[in-house]
Amino acid sequence: MDTAVTLTKLQPPRPRAGLVGRDRLERRLGEALASRPLTLLCAPAGFGKTAALTRQLAALPPGTALAWIAADADDDLHRFLRCLFAALEPFDLPWRTAPDALIAAAADVRHDHRGAAAALVNALAACEVPRGLIVIDDAHRITDAAVFEFLQSVLDRLPAHWGLVISTRVEPPLSLARLRARDELVELRQPDLSFTHEEVAALVASAGGGPDAAQLLERTGGWAAGLRLALNAHRPDRCPMLASRTMDRHMFEFLTTEVLDEMPPALREFLLRCSVLPELTAARCAAVSGDPRAAEWLAEIERRGLFVSVVEGPEPALTLHDLFRDCLQERLQRDRPELLTELLHRAADTEPDPIRRLSLLMRAGAWDEAELALEQVAETLFLEGATEPILRLIAQFPPERREHSPILALLRGQVAWDAWDWRAMAADMQRAVRGFAVTGDCRRLLRAQVFEAVALLGGGCSREGNARLAELDLAEADLETRALAKALDTWHAIDIGDFRRVADGYMAVLDLLEQTDRLRVWALCFQRTLYVWMPGMAAPLLRLHDGVMRRNGDTPTQMRAIAHVMAAWLALWRGDLDQAVERVAQAQEDARWLGMPNRLRMFVNAARAAVHAARNEREPALEATNALLDYFRSAPTSGPVERPTSMLGHYLLFASRLAHALGDLPALRDYAARVPPASEIRNHDALRRPLATLPARIAALEGRAADAACRWAELLRDDAALDLLGMAEEARLHHADALLRLSRKADAAATLRPALRAVTERGELGGVLLAGAAVITRLAAAPWRDELEPYELALLRGWAQRYGLAAGTRQPLVAADHPLSARELEVLARIAAGDSNKVIARTLELSPHTVKRHVANILDKLGLFSRSQAADWYRAHA
């Protein structure tokens, strides 16, 4: 389901024709829009805030960038940012991180929204427009405090050529006092927006005469809505409430009734029925009202000057003033409540915006349909990595629903999975299982049961989770559930140390995944980085890479970055370090563009550290390794989310192995000392043999060759238990190296020969490369005689020539002056020609997302700030 923003939210209403001039107000508002960081229009409903604003915006100087957002009650921070970034899209902001990634991160309560605010401020600063305005109309509708916290962060650093404009009924929770003290705020409140005597007189005259201007001003207080209603009623004698000096909502309702009673009955009925729609278009009004004359009625409504605004778009739309719409709906609710429910249903059926559709269904009390709509919305939000909005939407259901609905429990449990909160996930999945068992929903029941097994495995109860999985009959399960169940069985194999079963398990998972193009399913099944270390994984990883790339296209996504990482591992295993370098760089580019989420940080840094270590590049290898381990430093140590100590054990083992390859004894000792005790590693059996290599590694680097040789010999008695990412071959090279130091060449050759044979047969050099350049060089330079066959010696010397003796002479993995790719040069040429992102995308047959990423890469690689600087660079170097 698409979560694209409805265009009418991003289009300012057309300025109303025939409005009287209000020089005092317009002059002050125009000056504010031209220079102030914040312009605030704050007054009760009906004081003409939007009318004054749209009239002044129409008079902005040419070249002014205008991003308009019509706020809705459904706008939480995630939805607000999606609207804001869509409204800014026409101005080609030079983003350095994907806007979608910023949106997802900012809306996640586990992250600080200030990072997204800083990225927006930097992009606005580099946007080369003389003046830019971000306008938020009806901001009082926004109830999510995070939106205003975000806006405050933006205001604190807003570039001088941009301004923020807020129209609202209530004062927004921003630091207004500080802005007043700095003279950075212009406020237009009720006294400023109220009509003066001269303006009321001009209004009466433009209406062809009517009530006395002074009397009308006294009775309305200059309230724009009251003035219009009084003039529209034409007979003030029928409006006794005008005798009151207070114009309030009740008077508006009374006068609205007077206006409605003057209408043709068919038009009045049409307005009442269509009041449930956020915008009135001919097609939707016809569908909701059942009146084929919808287009004619809309033209009549506009002609009569009722409380509507015109919004341009693919299909012109009218929007009712909030007061007018509320009065119409209150009348419907009072007189015909059953019709209101039916109309809300019809409006939901025609609503293209999934969040608005969900809101309409909730207002109609159609909770079953609302749950199904939420499932569809959640599908996209999960794929975007935005889970917090799902919880906020769930919170809008009645307490009884939230407590007992299995669908809501299923969604909550998946949100808990994203946070690795295994206890909460298990509890919600148990609720879902009980609920679906009662309703007889077999498909969702099986899914909830598989998710419950995921929670058990994630929480360390691997055997219990696998037992639950074994009890299930998945013949009637959907493809996603069956694929996840097979992936879960494979994860269990990893946890119990049955590494030989992993590759076949993932081949079975891929057999199912290749039947669907839904990348969320692929992402669910490839949640772990550890599977790349298992024996026989070359073929599954190649299928994973090819399948993702076919489905993903050229748009940067987490799954595409992971596919690049897989290609890097494959290149490392076959000894193609240049290709490994290139694919790691591609993964890094995608990950940077996506804001480097934690999951990608682990995937990318693991591969980056390994490739650097294979190239004997100590500093960048350790930097990548420590970046990989930083995740665990920030992981929670208390609370409902358990610290991932088992995974930490795996990565500290990996880090120790790389430190050994680099010959860095202090780093090796540090990593080995941080390995959690066996009691804290729930899948310790799987790591028992690999962790036992640590004393052998330390002995080798400390120069204790006899101790190292003895320990390696003991470990190699069960080399299958060491077969993680070529560790068995690596162990044989280290054992042979220790034996050579003891002058035991024949024994060294005997232990080395199986490794040479395995590499020759499988063509996988990963284990050899991760033994380290020093070991490869020493083995190749040893005075072998008859101990090795000539082809074996040639193989060793070939490795040394390619990976050992030449190590340290290559360029860094990503050089600071990395040249632009051919595609980036094409994009840069189009920028220099003055093309917008949309034109570049169309010309080069790329997606807009890809063009944005290329622009970010160009600016980063050339150390530039803006598109004009990039254009100048191209002209100077073309």
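Up top is the structure these notes are about.
This section reports on the structure supplied with the text. These figures come from a predicted structure and were not determined experimentally.

## Concerning the packing of aromatic side chains
- What the rule picks out here adds up to six aromatic pairs.
- Residues Phe85 and Trp95 carry aromatic rings whose centres are separated by 4.8 Å and whose planes lie at 50° to one another, so their mutual orientation is tilted. Taken as a pair, Phe85 in helix 3 (residues 77-88) and Trp95 in the loop between helix 3 and helix 4 (99-106) lie far apart in primary sequence, 10 residues in all. As far as burial versus exposure is concerned, Phe85 and Trp95 are alike and both buried.
- A cation over a ring is seen here: Arg22 above Phe195, with NZ or CZ 3.9 Å from the ring centre.

## Let's talk about helix 31 (residues 577-593)
- Here helix 31 spans 24 Å end to end across 17 residues, near enough to the 24 Å set by a 1.5 Å rise per residue.
- Buried residues dominate helix 31, accounting for 12 of its 17 residues.
- Those residues of helix 31 not exposed but buried are Leu577, Ala580, Val581, Arg583, Val584, Ala585, Ala587, Gln588, Glu589, Asp590, Ala591 and Trp593.
- The first or second residue beyond helix 31 is Gly595, which carries a positive phi of 85°.

## Some details on the state of the cysteines
- In total, this model carries zero disulfides according to the counting rule given.
- Here Cys127 is not disulfide-linked; the sulfur of Cys83 is the nearest cysteine sulfur, at 19 Å.

## Some details on the sheet that holds strand 5 (residues 162-168)
- Taken in spatial order, the five strands line up as 3-4-5-2-6 in an open sheet, and their pairing is parallel. The sheet is open, and its two edges are formed by strand 3 (65-70) and strand 6 (185-189), each paired on a single side. Neighbour-to-neighbour, the strand axes of the sheet open up by a mean angle of 10°, direction not taken into account.
- Here strand 4 (residues 132-137) pairs with strand 5 via five bridges, running parallel. Each bridged residue has a counterpart across the sheet, and for Val135 the counterpart in strand 5 is Val165.

## Thoughts on the nonpolar core
- Residues Leu84, Leu120, Tyr531, Met566, Trp569 and Trp784 are the most contacted members of the largest nonpolar core, which totals 282 residues.
- Element by element, the count of residues in this core is highest for helix 30 (residues 558-573), at 12 residues.
- Counting residues in each nonpolar core, the second largest holds 16 residues, with Ile831, Ile840, Val851 and Leu864 among its members.

Criteria and thresholds
- Residues numbered from 1 in each chain as written.
- Predicted model: local features only at pLDDT ≥ 70, side-chain atom pairs only at ≥ 80, totals over all residues.
- Heavy atoms only, no water.
- Phe/Tyr/Trp six-rings, centres within 6.5 Å; stacked < 30°, edge-to-face > 60°.
- Helix = DSSP H or I, 4+ residues; strand = E, 2+ residues; numbered from the N terminus.
- Buried < 20%, exposed > 50% of the residue type's maximum accessible area, 1.4 Å probe, protein only.
- Lys NZ or Arg CZ within 6 Å of the ring centre and 35° of its normal.
- Expected span 1.5 Å × (residues − 1).
- Disulfide = S-S within 2.5 Å.
- Pairing = 2+ DSSP bridges.
- Axes fitted to C-alpha atoms, helices over the stretch in contact; angles between N-to-C directions.
- Core = buried A, V, L, I, M, F, W, Y, C linked by side-chain atoms within 4.5 Å.

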